[in-house]
Number of protein chains: 2
Amino acid sequence: MKSHNHAFGKALRELRKTKNLSQETLAFEAGLDRTYISLLELGQRSPTLDSMMALCHALKITLTQFVTAIEAGMEKQHE
Amino acid sequence: MKSHNHAFGKALRELRKTKNLSQETLAFEAGLDRTYISLLELGQRSPTLDSMMALCHALKITLTQFVTAIEAGMEKQHE
């Protein structure tokens, strides 16, 4: 699997936990499937921009904030 | 169609032109189909993170730079 999808999944899980949301609640708020959220967090799916925007809306963050968290995770993988 | 996909398409076209690349050359460099690049630029597809990373690599920019360009375009749409 590609490292950026893993970095995305890790950032998603961390952001979700920071907001004290379950996968079920996040899925509901974002209008996505709970199983899809689970696969994203495991880095086993490459999210579309549509999904990313829905998750940003549900997590109340901007896309820039999300991507900053992803890139921080990718740099860590290269250390 | 969703405004973020349009903003993405517009940012992609502008970044490609700044680098003086044709759709064909960008497609080749990114390992994507030329038709897919065309649909993305028209905002008619929602790119996956895989595609975005491939395009960043071909355009020699970071994902943060790309997203900054997308969000600038989205703010313009809301003005």
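Refer to the structure above for everything that follows.
This is a predicted model, so every value here is computed, not measured.

Side note on the overall build of chain A
Item 1. In terms of regular secondary structure, chain A is built from five helices and zero strands.
Item 2. Its C-alpha radius of gyration of 11 Å places chain A within 12% of the 12 Å reference for a compact globule of 79 residues.
Item 3. Taking all 79 residues of chain A together, 48% fall into the buried category.
Item 4. Within chain A, residue pairs in contact and separated by at least 24 positions form 61% of the contacts whose partners lie at least 6 positions apart.

Focus on helix α2 (residues 23-30) of chain A
All names here are of chain A.
Item 1. Every buried residue of α2 is accounted for by Gln23, Leu26, Ala27 and Ala30. Buried positions in α2, seen along its axis, are confined to an arc of 100 degrees and lie on one side of it. Residues Glu24 and Phe28 are exposed on α2 and point more than 90 degrees away from its buried face.
Item 2. Check the buried side of α2 and you find it contacts α1 (3-18), α3 (34-41) and α4 (49-59).

Details of the relation of the copies chain B and chain A
Item 1. Between chain B and chain A, which share one sequence, the superposing operator has a rotation angle of 180 degrees and an axial displacement of 0.0 Å; the RMSD is 0.0 Å. What the superposition gives is, in effect, a two-fold axis relating one chain to the other. Relative to the rotation axis, the closest C-alpha in chain B is found at B:Thr48, a distance of 2.0 Å.
Item 2. The overlap is high: 100% of the interface residues of chain B also sit at the interface in chain A, so the same surface is used on both sides.

Description of the packing of aromatic side chains
Residue and element names in this part refer to chain A.
Item 1. In the structure shown here, the tally under the stated rule is two aromatic pairs over all chains.
Item 2. Taking 5.0 Å as the distance between ring centres and 25 degrees as the angle between the ring planes, the aromatic pair formed by Phe8 and Phe66 counts as stacked. Of this pair, Phe8 sits in helix α1 while Phe66 sits in helix α5 (residues 63-78), placing them 58 residues apart in sequence. Of the two residues, Phe8 and Phe66, both sit in the buried class.

Here's the deal with the pattern of salt bridges
Residues and elements named next belong to chain A.
Item 1. Per the counting criterion, the structure on display carries ten salt bridges over all chains.
Item 2. Of the charged contacts, one joins Glu14 and Lys10 as a salt bridge, the two residues approaching to 3.1 Å between their closest N and O atoms. On the criterion of helical spacing, the pair formed by Glu14 and Lys10 is a turn pair, its members being four residues apart in helix α1.
Item 3. Relative accessible area serves as the criterion here: at 47%, Lys10 is assigned to the partly exposed category.
Item 4. Where salt bridges share partners, they join Arg13, Arg16 and Glu41 into one cluster.

So, unusual backbone geometry
Item 1. Its identity as a non-glycine residue notwithstanding, A:Asn20 has a phi of 55 degrees, on the positive side.
Item 2. Relative to the helices and strands, A:Asn20 resides in the loop between α1 and α2.
Item 3. We note that B:Lys60 has phi near 55 degrees; this positive angle belongs to a residue other than glycine.
Item 4. Tracing the chain through its elements places B:Lys60 in the loop between α4 (49-59) and α5 (63-78).

Here we look at the nonpolar core
Item 1. Ranked by internal contacts, the top residues of the largest apolar core, which has 51 residues, are A:Phe8, A:Leu55, A:Phe66, B:Phe8, B:Leu55 and B:Phe66.
Item 2. Residues contacting A:Phe8, with those up to four places away along its chain left out, are A:Leu40, A:Pro47, A:Met52, A:Leu55, A:Phe66, A:Ile70 and B:Leu49.

What counts and what doesn't
Residues numbered from 1 in each chain as written. Chains lettered and ligands numbered in written order. Predicted model: local features only at pLDDT ≥ 70, side-chain atom pairs only at ≥ 80, totals over all residues. Heavy atoms only, no water. Helix = DSSP H or I, 4+ residues; strand = E, 2+ residues; numbered from the N terminus. Rg over C-alpha atoms; globule rule 2.2 N^0.38 Å. Buried < 20%, exposed > 50% of the residue type's maximum accessible area, 1.4 Å probe, protein only. Contact = heavy atoms within 4.5 Å. Arc of directions from axis to C-beta. Least-squares fit on C-alpha atoms with pLDDT ≥ 70 in both. Phe/Tyr/Trp six-rings, centres within 6.5 Å; stacked < 30°, edge-to-face > 60°. Salt bridge = Lys/Arg side-chain N within 4 Å of Asp/Glu carboxyl O. Core = buried A, V, L, I, M, F, W, Y, C linked by side-chain atoms within 4.5 Å.

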